[in-house]
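For reference, the chains in residue letters:
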Amino acid sequence: MLKMQRRAALALALLAAPLATLAAEPVKVGFLVKQAEEPWFQDEWRFAEQAARDKGFTLVKIGIPNGEKMMAAIDNLAAQKAVGFVICAPDVKLGVAVNRAAKRHGLKVMSVDDQLVDGAGKPIADIPHMGISGYEIGKQVGQGLLAEMKARGWKPDEVGVLRVAFDQLPTARDRTMGAVDALKAAGVPAANVVDAPQAKTDTESAFNAANIAFTKNAKFKRWVAFGLNDEAALGAVRAAEGRGIKHDAMLAIGIGGSQTAMNEFTKPTPTAFYGTVLISPKRHGYETAVAVYEWATAGKQPPAVTLTSGTLMTRQNQAELRKQMGL
Ligand code: GLA
């Protein structure tokens with residue numbers, strides 16, 4: 001009898017062993033972003049962490065400012081036995097390299113924010129993607145500017161339109177062209193649109209780009225400005241301030257709605273940073289992390305493309321809106 005009990009205990013212990021190993025080594029999912037210092041990406045990471053806690057996996061966050069660091073990060077994930085990763089690459093043209101590295105290591109990969117493309121500039125079909133509907137959100141930027149121009153009694157043909165441009169990134173081009181098209185449809189002359197190409201997607205690069213554009217176009221006394229994100233719009237605002245163009249003569253609307261925008265909205269006096277289209281780092285961070293986890297562990301393939309929407313946020317409605325969005 002005693003012998004049988006012992007045997008049963010042994011069998012149970014053997015059965016439990018693989019479970020114990022599983023519990024000791026949680027599933028790892030990577031989350032690689034091109035600009036870790038940007039508040040948008042910090043927010044995405046924060047919500048991805050929340051997903052990891054809710055679902056019981058470990059999130060591995062790595063900043064990948066260039067292609068070399070990106071490749072090293074993917075190898076590093078494989079060495080850590082991660083099951084897959086979410087990526088916003090430093091250059092979307094690295095798509096083929098990302099896909100190849102992921103396949104070589106047997107990692108699931110999904111892109112966020114910036115859709116990866118192949119050598120011909122075509123989206124890579126087998127990498128699922130979640131991003132914003134760039135052109136539509138750009139149109140919202142343009143419409144927000146038009147509404148405030150009207151409220152101020154500015155005539156469409158007297159305003160300079162500063163497009164802080166980063167055209168090598170398709171979503172950046174879509175966003176800013178959406179804004180341009182909305183303005184043009186309302187009677188702003190195409191000739192008033194001034195392109196200010198930025199070298200990187202941060203505030204400093206936008207500031208430098210805007211400065212050059214303002215110098216070359218001193219004929220405009222009133223301006224509206226926008227770019228792919230809040231940092232681009234803010235760079236334009238700071239450059240304008242440096243030339244004495246303040247909030248009564250300038251209107252900028254960004255895209256994002258994270259800390260960069262909040263810093264402006266909470267200043268005691270309004271700046272020319274009039275608004276931002278609030279988009280959802282919660283959806284982008286949380287949902288992509290869960291999607292990769294469930295794809296790798298339960299075979300649930302994410303939808304090919306998911307596009308998220310946005311809402312115009314200004315000083316007036318910021319507190320309420322951010323609460324609604326769980327931010
Ligand atoms: C791009 C931009 C970021 C942010 C995201 C949102 O990656 O560079 O600043 O706007 O899109 O999708």
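Residues numbered from 1 in each chain as written. Predicted model: local features only at pLDDT ≥ 70, side-chain atom pairs only at ≥ 80, totals over all residues. Heavy atoms only, no water.

(A) Local environment of the nonpolar core. Counting 44 residues, the largest nonpolar core has F31, M149 and L183 as its most contacted members. Ranked by the residues each element gives to this core, the list is headed by helix α2 (residues 39-55), at seven residues. If we ignore the near neighbours within four places in the chain, the residues touching L183 are G142, L145, L146, M149, V161, V188, V224 and F226. Membership of the second largest hydrophobic core comes to 37 residues, among which are L169, A239, A240 and M313. (Core = buried A, V, L, I, M, F, W, Y, C linked by side-chain atoms within 4.5 Å. Buried < 20%, exposed > 50% of the residue type's maximum accessible area, 1.4 Å probe, protein only. Helix = DSSP H or I, 4+ residues; strand = E, 2+ residues; numbered from the N terminus. Contact = heavy atoms within 4.5 Å.)

(B) How the structure looks around the packing of α2 against helix α10 (residues 281-298). As a packed pair, α2 and α10 sit with axes 7 Å apart at the nearest point and diverge in direction by 45 degrees. In terms of their interaxial angle, α2 and α10 are classed as oblique. Of the two elements, α2 crosses α10, and the hand of that crossing is right-handed. Residues W40, D43, E44, F47, A48, Q50, A51, D54 and K55 of α2 pack against P281, K282, H284, G285, Y286, A289, V290, Y293 and E294 of α10. Here the residues of the contact of α2 with α10 sort into nine nonpolar, three polar and six charged. (Axes fitted to C-alpha atoms, helices over the stretch in contact; angles between N-to-C directions. Parallel < 35°, antiparallel > 145°, perpendicular 65-115°, else oblique. Left-handed = near helix turned anticlockwise from the far one by under 90°. Nonpolar A, V, L, I, M, F, W, Y, C, P; charged D, E, K, R; others polar.)

(C) Region of interest: the UniProt feature "domain: Periplasmic binding protein/LacI sugar binding" (unreviewed entry) in the protein. In the UniProt entry, the feature "domain: Periplasmic binding protein/LacI sugar binding" (unreviewed entry) is given for residues 28-308. Secondary structure over residues 28-308 splits into 46% helix and 21% strand, and the C-alpha atoms at its two ends are 26 Å apart. (UniProt positions renumbered as here; feature names shortened; annotations may be inferred.)

(D) Looking closely at the packing of aromatic side chains. As enumerated under the stated definition, the model contains four aromatic pairs in all. Seen from their ring centres, F57 and Y293 are 4.6 Å apart, and the 20 degrees between their planes marks the pair as stacked. One end of the pair, F57, is in the loop between α2 and β2 (58-63); the other, Y293, is in helix α10, and 236 residues separate them in sequence. Pairwise contacts between aromatic rings join F214, F220 and W223 into one cluster. (Phe/Tyr/Trp six-rings, centres within 6.5 Å; stacked < 30°, edge-to-face > 60°.)

(E) Quick peek at the pattern of salt bridges. Under the counting rule described, the total for this entry stands at 18 salt bridges. Between D114 and K34 there is a salt bridge whose closest N-O contact spans 2.6 Å. Taken together, the positions of D114 in the loop between β4 (108-112) and β5 (129-132) and K34 in the loop between β1 (28-33) and α2 put the pair 80 residues apart, joining distant regions of the chain. Taken as a pair, D114 and K34 share a single burial class, namely buried. Here E49 ties to K61 by a salt bridge, and the two come within 3.0 Å at their closest N and O atoms. Here K61 lies in strand β2 and E49 lies in helix α2, a separation of 12 residues in the sequence. Here K61 falls in the partly exposed class, since its relative accessible area comes to 39%. Taken together, the shared-partner salt bridges in this structure form one network comprising R163, D167, R173 and D195. (Salt bridge = Lys/Arg side-chain N within 4 Å of Asp/Glu carboxyl O.)

(F) View of the site of the ligand. Surrounding the ligand, one finds K34, E38, W40, F41, C88, D113, D114, R175, L228, N229 and I279. The side chain of D114 places a nitrogen or oxygen atom 2.8 Å from an oxygen atom of the ligand. Measuring from an oxygen atom of the ligand, one finds a side-chain N or O atom of N229 at 2.9 Å. Notes on the ligand: free accessible area 300 Å², of which the protein chains cover 99%. Residue composition of the shell around the ligand, grouped by class: five nonpolar, one polar and five charged. (Near = heavy atom within 4 Å. Polar contact = N/O pair within 3.5 Å; in protein donor to acceptor, adjacent residues only side chain to side chain. Areas by Shrake-Rupley, 256 points an atom, 1.4 Å probe, with all protein chains shown as cover.)

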